[in-house]
Structures are given as C-alpha cells and as structure tokens.
Amino acid sequence: MRRRALLFGRLLSLNIGMTFRYRGEFFLMQVGNLVVPITSLLVWQAALTAGADLPVGDDFLVPYFLLVSVVNMLTSSWTAFYLAESIRDGSLNRWLIRPASTHLDAVTNNIGEKVVKLVLIAPLIAVLALVFADRFSLPSEAGRWLLFAVAVVLAAGLRLALDILIGSLAFWFEDVQGFIRAQAVITPVLSGAVVPLALMPADLAWLTALQPFRFVVSFPMEVLLTSTTVGGFALQVGWVAIAVAVAAAVWRLGLRSYSAAGA
C-alpha cells in the first residue's frame with residue numbers, strides 16, 4: 001500500500017506539472033466552458049420574466065448554471081480516446097510490464113488536470129457570483145457540502161468507468177471514435193449539463209431520474225441545491241458498481257485477446 005501511495009503521488013505530481021505548462025490554453029478553455037451555461041441562464045431568466053411557468057425559480061437556476069460548469073469539469077473524463085489509441089498503436093505494452101496500471105495513470109492525469117482547471121475557473125466563478133449576487137445563494141450547512149463532495153467523487157468514478165469501458169472496445173474495433181462521439185452528444189443532454197433535468201418534460205421525469213447520466217452532473221447539483229434522498233445515493237452507487245464491474249470485465253476479456261506489435 002505504501003509503494004502504491006508513493007507511486008500515485010509521483011504520477012499525480014508529474015501530471016500536475018505537465019498540465020501547468022498549458023495553463024494559458026486551459027484558462028481559455030474554462031472561459032469557453034462558462035459561455036453555454038451563462039447564455040442558458042440568461043435565456044431561462046428571460047423566460048421567467050416573460051411569465052413562463054417553470055418548476056424552479058431563480059434561487060435554483062442561478063446557482064445551478066453558475067456551478068454546473070465546475071461540476072461538469074470535476075466529473076469529466078477524457079480517458080477513452082487515449083486508452084483506445086494505446087491499444088491501437090501498441091503503446092499499452094509498456095504499461096503491461098510496469099508496476100503501475102495504465103488506469104492509475106489515467107486517474108492521476110484526470111486529477112492533475114482538474115486541480116489546475118479548478119484553480120483557473122474559481123476566480124471566474126467568483127466574478128460571476130458578484131454579478132449575480134442578489135440571486136446567488138448557496139447552502140451553509142457543512143453536511144450538505146460533504147454530501148455534495150461525495151456525490152461529485154462518485155460521479156467522477158462513474159464517468160471514468162464509462163470511459164474505460166468505451167476505450168476498451170478498441171480491443172475489437174479498429175476505430176472507437178463513433179462511440180466517443182455518441183457519448184459526447186448524449187452525456188451533456190441527459191446529465192443536465194446543458195438543461196437542468198428539473199426542466200425536462202414531466203412525463204419523462206421517471207426516466208430522467210433513473211438513467212445513469214443523471215448521476216454524473218445533475219445529481220451532485222441536486223444534492224447541493226435541493227433535498228437529498230437516500231434513494232438517490234443508492235441509485236448512484238448502484239450505477240457506479242455496474243459501470244465498474246462491466247468495464248473491468250470488458251478490460252480483462254480484451255487483454256486475453258490483445259496482441260500488439262511494436263511500441
């Protein structure tokens with residue numbers, strides 16, 4: 001365990017240092033990530049002003065759209081592409097003979113980039129919070145924030161497991177870009193990153209509440225801004241367990257048939 005902890009720390013340090021080299025690019029990326037939610041916020045506020053009957057008000061919409069980009073960033077994963085490439089070109093070989101797993105490197109890379117991105121996006125959120133100060137309020141209970149943190153960690157684990165699952169398909173498919181693009185289209189819509197699931201049609205409420213993508217963005221926001229239910233966490237943990245189990249099974253099955261030359 002001590003050796004693994006040291007290895008994790010070393011990989012994390014390397015990934016943070018590598019990410020800081022591109023801090024300017026990442027800063028512009030975070031600015032871009034805020035454009036869509038802020039535009040959406042202004043659109044929904046205009047709808048409220050025009051008399052639209054929405055199931056939520058400004059007290060939910062403002063903090064939701066100001067923080068959703070942060071939650072989306074903290075739970076995001078970009079492992080599928082790089083994992084698929086390493087399988088395709090044979091560079092996975094070097095990880096198979098090392099004491100560290102390629103998945104451990106993916107975890108530290110995700111955490112390293114998120115640390116840097118969080119440092120860059122925090123000042124932007126602070127400025128926006130001042131702009132919307134009269135309509136921006138967050139809970140003060142420490143317990144609510146602790147549950148929010150747990151939900152974010154579980155969401156990040158779910159998203160990483162899904163990415164490993166998709167990347168592992170490269171053991172059998174020459175190109176998995178179609179799967180990656182499909183995930184990139186489906187996830188923002190069904191996760192609540194673009195439109196809060198609370199604003200989805202009431203007839204689809206049962207479906208949006210049960211589907212797994214809710215738990216990568218929307219659910220952590222629900223924990224922070226609305227009442228928390230044990231059932232919600234049970235569903236999130238269940239989807240994480242299913243995703244991890246399926247990803248692990250596909251990964252092991254793929255390794256049995258893996259044969260790559262070079263690299």
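As a starting point, this report considers the structure included with it.

Cut-offs used in this document
- Residues numbered from 1 in each chain as written.
- Predicted model: local features only at pLDDT ≥ 70, side-chain atom pairs only at ≥ 80, totals over all residues.
- Heavy atoms only, no water.
- Helix = DSSP H or I, 4+ residues; strand = E, 2+ residues; numbered from the N terminus.
- Buried < 20%, exposed > 50% of the residue type's maximum accessible area, 1.4 Å probe, protein only.
- Contact = heavy atoms within 4.5 Å.
- Areas by Shrake-Rupley, 256 points an atom, 1.4 Å probe, with all protein chains shown as cover.
- Salt bridge = Lys/Arg side-chain N within 4 Å of Asp/Glu carboxyl O.
- Phe/Tyr/Trp six-rings, centres within 6.5 Å; stacked < 30°, edge-to-face > 60°.
- Lys NZ or Arg CZ within 6 Å of the ring centre and 35° of its normal.
- Axes fitted to C-alpha atoms, helices over the stretch in contact; angles between N-to-C directions.
- Parallel < 35°, antiparallel > 145°, perpendicular 65-115°, else oblique.
- Nonpolar A, V, L, I, M, F, W, Y, C, P; charged D, E, K, R; others polar.
- 1 Å grid on protein atoms, 1.4 Å probe; cavity = no way out; pocket = protein on both sides within 12 Å on 5 of 7 lines; lining within 4 Å.
- Points joined across faces, edges and corners; volume = space filled by probe spheres on them.
- Core = buried A, V, L, I, M, F, W, Y, C linked by side-chain atoms within 4.5 Å.

Thoughts on the overall build of the protein chain
Along its length, the protein chain carries eleven helices and zero strands. Helices (α) and strands (β) of the protein chain occur, in sequence order from the N terminus, as α-α-α-α-α-α-α-α-α-α-α. For the protein chain, the proportion of its 263 residues judged to be buried stands at 44%. Across the protein chain, every contact between residues at least 6 apart in sequence was considered, and the portion connecting residues at least 24 apart equals 81%. In the form shown here, the protein chain has an accessible surface area of approximately 13,700 Å², with 69% of it arising from carbon and sulfur atoms.

Structural notes on the pattern of salt bridges
A side chain of one charge can pair with a side chain of the opposite charge when the charged atoms of the two come close. In this structure the tally under the stated criterion is five salt bridges. Between Arg88 and Glu85 there is a salt bridge, with its nearest N and O atoms 2.8 Å apart. Of the two residues, Arg88 and Glu85 both sit in helix H4 (residues 79–89), three residues apart, roughly one turn of that helix. Classification of Glu85 by relative accessible area gives partly exposed; the value is 25%. As a salt-bridge pair, Arg135 and Asp134 come within 3.4 Å of each other at their nearest N and O atoms. A relative accessible area of 64% places Asp134 in the exposed class.

A few points about helix H10 (residues 218–225)
Burial of H10 is extensive: eight of the eight residues sit out of reach of the surface. Three or more residues of H10 are buried, namely Ser218, Phe219, Pro220, Met221, Glu222, Val223, Leu224 and Leu225. Looking at the buried side of H10, the elements it contacts are helix H3 (58–75), helix H7 (142–168), helix H8 (177–191) and helix H11 (230–256).

A short note on the packing of aromatic side chains
Taken as a whole, this structure holds ten aromatic pairs when the rule is applied. Aromatic side chains Phe171 and Tyr258 sit 5.7 Å apart centroid to centroid with 75° between the ring planes, which places their arrangement in the edge-to-face category. Here the residue Phe171 occupies a position in the loop between H7 and H8, and Tyr258 occupies one in the segment after H11, the gap between them amounting to 87 residues. Across the pair, Tyr258 and Phe171 agree in class, each one buried. An angle of 65° between the planes, with centres 5.2 Å apart, marks the rings of Phe173 and Phe179 as edge-to-face. A relative accessible area of 35% places Phe179 in the partly exposed class. Cluster of aromatic residues (ring-pair linked, three or more members): Phe171, Trp172, Trp251 and Tyr258. The residue whose ring lies beneath Lys117 is Trp78, and the NZ or CZ to ring-centre distance is 4.4 Å.

Focus: the packing of H7 against H10
Where H7 meets H10, the closest approach of the two axes is 8 Å, and the angle between their N-to-C directions is 175°. Accordingly, the angle class assigned to the pair H7 and H10 is roughly antiparallel. Residues Arg144, Trp145, Leu147, Phe148, Ala151, Val152 and Ala155 of H7 form the contact with H10, whose own contacting residues are Phe219, Pro220, Val223, Leu224 and Leu225. Of the residues that constitute the contact of H7 with H10, the class distribution is eleven nonpolar, no polar and one charged.

Some details on the layout of surface pockets
Its boundaries defined by the atoms lining it, the largest pocket holds a volume of some 740 Å³. Lining the largest pocket are 26 residues, and of these Asn33, Asn72, Ser76, Ser77 and Arg159 sit closest to its centre. Contributions of two or more residues to the lining of the largest pocket are made by helix H2 (23–49), H3, H4, helix H6 (102–131), H7 and H8. Looking at the lining of the largest pocket element by element, the count peaks at six residues for H2. When the residues that make up the lining of the largest pocket are grouped by side-chain class, the tally is 14 nonpolar, eight polar and four charged.

Focus on the nonpolar core
Leu41, Leu61, Tyr64 and Leu66 are the most contacted members of the largest nonpolar core, which has 41 residues in total. For this core, the secondary structure elements donating two or more residues are H2, H3, H6, H7, H10 and H11. Of all the elements, H3 adds the most residues to this core, at eleven residues. Excluding residues within four positions of it along the chain, Leu41 makes contact with Leu61, Val62, Phe65, Leu66 and Phe132. Grouped together as the second largest cluster of nonpolar side chains are 18 residues, Leu92, Ile166, Ala247 and Trp251 included.

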